[in-house]
Amino acid sequence: MPSKCWCCVQPDEKSLQHLFFKSETAKTTWKYFLSREGIDVEGLTLHQAITKYWTANVCLRLKPVMQALPSCVVWELWKRRNSMKYGEAVTTSRVIYQVSSNLQALVKVRKPGMDRVPHKWQDLLQVMENFTLKLKVTKVMWEFPSAGWLKVNTDGASRGNPGRSSIGFCIRNENGYIVKSVGKEIEETTNTIAEAKAMVETLRFCRFQQYSHVWLQTDSMLLKKIMDEIWKPPWIISEQGRRLVNEDKLQCPNLRVKVNRSATTMLMPLHAATFDKSDAKEQKKHQ
């Protein structure tokens, strides 16, 4: 005999459709969140309701919230089922409240610049639809290195992450004159790996040239924290990459590392030139 569900006062046969979509609590919860978008739950299956919500015609900033909503609803319905099974009553309004709290927390994380994030679903949608991002501009100046020092700006980028990638570095002396600049395409990889390879390439060049006083700037907070031994390298940076960074760092005992967000701006032409050259080569092959 099929077992009965724990989520209803008059329990029906237990199934995924019933638990997450057909029970009274499930129908009330889905209707509360779907009605705002004009979606009628009557006659739909759970899969169809989720599909309609994922493909709802909403503004781009609302897409992540809409896509997260089904997971939040299903999770809270499952929690309610377990609570009911072990003797703790959970009302439908409580389920709706918890789903709204989860969505509110999601918006706070994704939109940290939003001053007020409403808890009520209808109010949250209205605020999100009318939200305008406040831009904060910080002026960043490139600093000259001290006398006798060389300053290196590195960067790595990936189109697609992972995808086509390139690295670049630019070395300037104490007067700001360019000593060496490099920009080249590497194998397809991620942004993090590209940033690491750019730094390793730079350190190898400095070691080969026997530069001892090097001030290295990167726009990657991750790599700065790793080289300062504040953070542990993530798994995506291979053991070989970490070993190369550490070996090259030992060869430059006066190495200074500083994060500077202007590094990306200065090296962008190098990346663009690298991709443009490789694109031109590919076009010639097909001609």
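Here the structure is a predicted model, which means the values were calculated and not measured.

## Describing the overall build of the protein chain
Per the secondary structure count, the protein chain includes ten helices and five strands. Looking at the 287 residues of the protein chain, the share that counts as buried comes to 40%. Sequence separation of 24 or more characterises 61% of the internal contacts of the protein chain that already satisfy a separation of 6 or more.

## Re the environment of Cys72
As for its placement among the helices and strands, Cys72 is situated in helix H4 (residues 63–85). Classification of Cys72 by relative accessible area gives buried; the value is 14%. The sequence separation of Cys72 and Ser100 amounts to 28 residues, and the corresponding C-alpha distance is 8.7 Å. The residues touching Cys72, leaving out its near neighbours within four places in the chain, are Val99, Asn102 and Leu103.

## Quick word on the packing of aromatic side chains
Inspection of the entire model under this criterion finds seven aromatic pairs. Plain terms: the ring middles of Phe33 and Trp121 are 5.3 Å apart, the flat faces sit at 70° to each other, and that makes the pair edge-to-face. One end of the pair, Phe33, is in helix H2 (residues 24–34); the other, Trp121, is in helix H6 (residues 121–129), with 88 residues separating them in the sequence. Each member of the pair, Phe33 as well as Trp121, is classed as buried. Summarising the aromatic geometry, the rings of Phe205 and Tyr211 are spaced 6.2 Å apart at their centres and angled 65° between planes, so their arrangement reads as edge-to-face. By the burial criterion, Phe205 is buried, and Tyr211 matches it. Of the aromatic side chains, those joined through ring pairs into one cluster are Tyr32, Phe33 and Trp121. Above the plane of the ring of Trp215 lies Lys151, whose end atom (NZ or CZ) is 4.4 Å from the centre. Directly above the ring of Trp142 sits Arg172, whose terminal nitrogen or CZ lies 5.3 Å from the centroid.

## Regarding the pairing of strand S3 (residues 178–189)
Where strand S2 (residues 163–172) and S3 come together, nine bridges link them in antiparallel fashion. The residue bridging Ser165 from the neighbouring strand is Ile186, located in S3. Here S2 folds back onto S3, and the loop between the two strands holds five residues, one of which, Gly176, carries a positive phi near 90°.

## Observations regarding a nonpolar patch on the surface
Where nonpolar side chains cluster on the molecular surface, the patch consists of Met221, Ile230 and Trp231 and spans about 290 Å² of accessible area. With respect to the helices and strands, the residue Trp231 is situated in the loop between helix H8 (221–227) and helix H9 (239–251).

## Points about the packing of H4 against helix H5 (residues 92–110)
It is the contact of H4 with H5, at a shortest axis distance of 9 Å, that shows an interaxial angle of 145°. The hand of the H4/H5 crossing is right-handed. Each of Pro64, Val65, Ala68, Leu69, Cys72, Val73, Glu76, Leu77, Lys79 and Arg80 in H4 lies in contact with H5, whose residues at this interface are Val95, Gln98, Val99, Asn102, Leu103, Leu106, Val107 and Arg110.

## Thoughts on the packing of H2 against H5
Helix-helix packing is described using two parameters, namely the angle between the two axes and the distance between the axes. In the contact formed by H2 and H5, the axes pass within 9 Å of each other and the chain directions differ by 40°. Between H2 and H5, the crossing angle belongs to the class labelled oblique. Crossing geometry of H2 relative to H5 is assigned as right-handed. Of the residues in H5, those in contact with Thr25, Thr28, Thr29, Tyr32 and Phe33 of H2 are Thr92, Val95, Ile96, Val99, Ser100 and Leu103.

## Observations regarding H5
Its 19 residues give H5 an end-to-end C-alpha distance of 27 Å, which sits within 8% of 27 Å, the value for a rise of 1.5 Å per residue. Those residues of H5 that are buried lie in contact with H2, H4 and H6.

## Focus on the nonpolar core
In terms of nonpolar packing, the biggest core is built from 35 residues, with Trp30, Phe33, Leu69, Val99, Leu103 and Trp121 touching the most fellow members. Those elements that place two or more of their residues in this core are helix H1 (16–22), H2, helix H3 (46–54), H4, H5 and H6. Here this core gets six residues from one element, more than from any other, and that element is H4. Beyond its immediate stretch of four places on either side in the chain, Phe33 contacts Tyr53, Leu69, Val73, Ile96, Val99, Ser100, Leu103 and Trp121. In this structure, Leu150, Phe169, Phe205 and Val214 belong to the second largest nonpolar core, which totals 16 residues.

The rules behind each value
- Residues numbered from 1 in each chain as written.
- Predicted model: local features only at pLDDT ≥ 70, side-chain atom pairs only at ≥ 80, totals over all residues.
- Heavy atoms only, no water.
- Helix = DSSP H or I, 4+ residues; strand = E, 2+ residues; numbered from the N terminus.
- Buried < 20%, exposed > 50% of the residue type's maximum accessible area, 1.4 Å probe, protein only.
- Contact = heavy atoms within 4.5 Å.
- Phe/Tyr/Trp six-rings, centres within 6.5 Å; stacked < 30°, edge-to-face > 60°.
- Lys NZ or Arg CZ within 6 Å of the ring centre and 35° of its normal.
- Pairing = 2+ DSSP bridges.
- Patch = residues over 30% accessible without salt bridge, like charges linked within 9 Å, V, L, I, M, F, W, Y side chains within 5 Å.
- Areas by Shrake-Rupley, 256 points an atom, 1.4 Å probe, with all protein chains shown as cover.
- Salt bridge = Lys/Arg side-chain N within 4 Å of Asp/Glu carboxyl O.
- Axes fitted to C-alpha atoms, helices over the stretch in contact; angles between N-to-C directions.
- Left-handed = near helix turned anticlockwise from the far one by under 90°.
- Parallel < 35°, antiparallel > 145°, perpendicular 65-115°, else oblique.
- Expected span 1.5 Å × (residues − 1).
- Core = buried A, V, L, I, M, F, W, Y, C linked by side-chain atoms within 4.5 Å.

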